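Examining the three-dimensional arrangement
Residues per chain are reported as follows:
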Amino acid sequence: MSRKNSIKFSLIRGLAAMGIALAVAFLLILFSANGSNLPEKFSSSLAALREMLISPVIRKNGTFSVKGLSDVLAGMIPIMFTGLATCIMFAANQFNLGAEGGIMLGAFVTALVAIYLPLPTPALMVVAVLVGGLSVGILMLIPAVLKAKLGVSEMVNSLMLNYVIMYFINYLMNSYLADTSKGITQTFPFRANALIPQMINNGSRLSWGFVVGLIMVVLSWLFMYRTRWGYGIRMTGINQPFVMYSGMNVALIVILCQVLGGFLAGIGGGIEMLGRYNVYNWSALPGYGWTGITVAILAGNNPLFVPLAAFFMSYLTKGCTLMSTNANVPSQLISIIQAVIFIFFAAQQFMSGYRQKLVVKSAQEEQAKARQEGERSDQ
Amino acid sequence: MNIFTTDFFFSIIRIATPILLATLAAVIGEKGGVSNIGLEGIMMMSALFGSLGAYWTGSWLLGLVIAMVVGLIEALLMGFFAFKLQTDIILVGTAVNMIGSGGTIFLVKTISNTVMGQSLTSTTSLITKAHQIPSISIPYVRDIPVVGKVISGHSLLTYIAFLLVIFTIILLYKTPLGLNIRSVGENPNAAASVGVSVSRIRYITIGIGGVLAGLGGAYMSMYYAMGWSLDMVAGRGFIALAAQSMGGGEPVGSMLAALVFGFAQALGIKVSATGVDSNLVAPIPYIVTIISLVLFALNQRRKERKRFAAAA
């Protein structure tokens, strides 16, 4: 199949997956919308759907909302990082699901540095985020080394670690770190010079961390597609015996991709913390790790498509929140939509009949062209 | 303080039951080459519909049946995506777990809002003792000193769970279906070459797992706790995967592993009763999982070394 057709196919297939997800969403909204009879329910469902799809960036009076857009962009920050982390780990077929706990640990460690380490202005920010990232990278050595050396499932271990991280942080917060003068469990405020400056001061919390995220996207892409190690990671996912027999160190690749993934999730947590908050107050896993998995699947494990996928997910999340406030449909609808899109996206055989048709068509076209050329040369 | 009382051993069995049910699902799944990491999500969904079903029908038995049916449907849907549409089964499982966490709260809010006109976030307020799976006091056994107190008086489902261990052994090793499941798990091409319908066997494998996980979910909301609440399964579906691999994929070994987790958690509850921060105790089962997976892998490796040495 030609490159053009192949892109066309991926595009149509992606749109079809989204279409199915929205249809499922509509049915569920119809089920939950206000109204005593069917027509009434139908119109309130349509209103709810419009709320979800349009109102994130369009105001009630039909004008474009800059604040809405910056909200969506700000929402992309954490899931870009967890998305990148998941891309790199999944590309090597390492189903490490630790980005969820990773982003929480990164946020927590960064917060501690930002509170207790007196450093000058630009250094504190950078050091805090890097320490947050490194701590998660080091923690990911547990599932990574156990997988590489003993063949223990990285998936089960990373899932278990998520819970351990959450409880351990909550323990530290309750016992030692919480500011007891406050009604809720939170730390003391960060040092003022640790806060990441905002790109736009409208309350969206769109910090310069967004740009750092985009830079990491480019760096991750360069790493995955332009370096020997990135090649090794991708090849391990496609054909692990090949990597082994061609003399690369598979165990090291398995470890490397998970440590890098952990590092990315960790700095994501740190940047989210310093860009959005001024105290640490997460008491449960934030869910960004799971959204990151969806982002990675939508992006086809290619870092370059991560911003697009993250935008889409952030937009839908905001849409679902608005829908729950204005149309009385529970915002958790997002997790169902997310699961449906991602399961169809990842389905290799989804619309394979259509792909078959495209392949046959392009083969026939090529044949016809060859025949024409043949006739021309005969003349 | 003596913590090893009959109550303590009783609670090990009580805590291990849902893990055991999910573990059996994992054992059968892995034998058939179907790694179902969606057990967690299936348990969540079945827990919700089991308790809602019991409330609607007024009968715990129908609630239990509904939980099993929901587990079965969800598992077969997973099968459709994994086998028919060729989605990586780990991703299908992840999607099921997402729905199990966020989707259940959506459903409970929506259903309660539509049916009762008020949006609930748990079913605790609906459930009375009559909706719960009954406990069974076994005559004669309960009179045996010490042992009677430990093994009598459990939920009906607990006894079913331990009977299901025997059922699993018979299914896998004494029936033609079990032979087919194992052969598809070991070598699908060989199985297909002798006329076994690989996809049919896979659907059956994942379906049985769905029903078992459904029972595990029902136990959570219809016995262990009063009614369904968010994230109540709390990783038990994942712990079951660990128990399966610790038990070497065999029913009896995996049952013992499930009991080890029951022990770890029961111990945790005892310790937190002495005033230790529960956040320090709650992660114990998860840490035990990691440590025991490592010990198991080391043990496997030593066995393999021995085999090599014997061969050489």
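Analysis parameters
- Residues numbered from 1 in each chain as written.
- Chains lettered and ligands numbered in written order.
- Predicted model: local features only at pLDDT ≥ 70, side-chain atom pairs only at ≥ 80, totals over all residues.
- Helix = DSSP H or I, 4+ residues; strand = E, 2+ residues; numbered from the N terminus.
- Rg over C-alpha atoms; globule rule 2.2 N^0.38 Å.
- Buried ≥ 20, exposed ≤ 12 C-beta atoms within 10 Å, placed from the backbone.
- Contact = placed C-beta atoms within 7 Å.
- Nonpolar A, V, L, I, M, F, W, Y, C, P; charged D, E, K, R; others polar.
- Domains from an automatic or database assignment.
- Axes fitted to C-alpha atoms, helices over the stretch in contact; angles between N-to-C directions.
- Parallel < 35°, antiparallel > 145°, perpendicular 65-115°, else oblique.
- Left-handed = near helix turned anticlockwise from the far one by under 90°.
- Bend = angle between axes of the 7 residues up to and from the residue.

Scanning chain B for helices and strands turns up 13 helices and 2 strands. Against the globule reference of 20 Å for 312 residues, chain B gives a C-alpha radius of gyration of 20 Å, in line with a compact fold. When its C-alpha atoms are laid out on the principal axes, chain B stretches across 65 × 50 × 40 Å. A buried classification covers 51% of the 312 residues belonging to chain B. Restricting the contact set of chain B to residue pairs at least 6 apart, pairs at least 24 apart contribute 72%.

With that settled, the discussion passes to the interface of chain A and chain B. Facing 39 residues of chain A, the contacting portion of chain B comprises 42 residues. Of all the secondary structure elements, the ones that give two or more residues to the side of chain A that touches chain B are α1 (3–32), α6 (141–150), α7 (154–177), α12 (288–298) and α14 (333–345) of chain A. With 13 residues, the single largest contributor to the side of chain A that touches chain B is α7(A). Taken together, the residues that form the side of chain A that touches chain B break down as 27 nonpolar, 12 polar and no charged.

In terms of domains, chain A is made up of domain 1 (1–64 + 329–373) and domain 2 (76–312). The C-alpha-based centres of domain 1 of chain A and domain 2 of chain A are spaced at 30 Å.

Residue and element names in this part refer to chain A. Remark: helix α4 (residues 99–116) packs on α12, axes separated minimally by 6 Å, with the N-to-C direction vectors making an angle of 130°. Relative to α12, the element α4 lies oblique. You can see that α4 and α12 cross each other, and the crossing is right-handed. Within the contact between the two elements, α4 uses Ala99, Glu100, Gly102 and Ile103 and α12 uses Tyr288, Gly289, Trp290 and Gly292. Of the residues contributing to the contact of α4 with α12, the split by class is 4 nonpolar, 3 polar and 1 charged.

Moving on, we come to unusual backbone geometry. Phi is positive for A:Arg205, close to 60°, though the residue is something other than glycine. Here A:Arg205 is to be found in the loop between α7 and α8 (209–226). Backbone geometry at B:Asp231 places phi at a positive 55°, although glycine is not the residue there. Residue position: B:Asp231 is located in the loop between α9 (198–224) and α10 (236–246).

Turning our attention to helix α4 (residues 89–116) of chain B. Residues and elements named next belong to chain B. The largest bend in α4 comes to about 40°, at Gly103. Most of α4 sits inside the fold, with 21 of its 28 residues counted as buried. Immediately beyond the C-terminal end of α4, within one or two residues, lies Gly117, with a positive phi of roughly 80°.

So, about the packing of helix α1 (residues 6–31) of chain B against α10(B). Residue and element names in this part refer to chain B. Axis separation between α1 and α10 bottoms out at 8 Å; the angle between their running directions is 55°. By the angle between their directions, the pair α1 and α10 is classed as oblique. Our pair here, α1 against α10, has a crossing hand that is right-handed. Note on element contacts: α10 touches α1 through Arg236, Gly237, Ile239, Ala240, Leu241, Ala243 and Gln244, opposite Pro18, Ile19, Ala22, Thr23, Ala25, Ala26, Val27 and Glu30. When grouped by side-chain class, the residues that make up the contact of α1 with α10 number 10 nonpolar, 3 polar and 2 charged.

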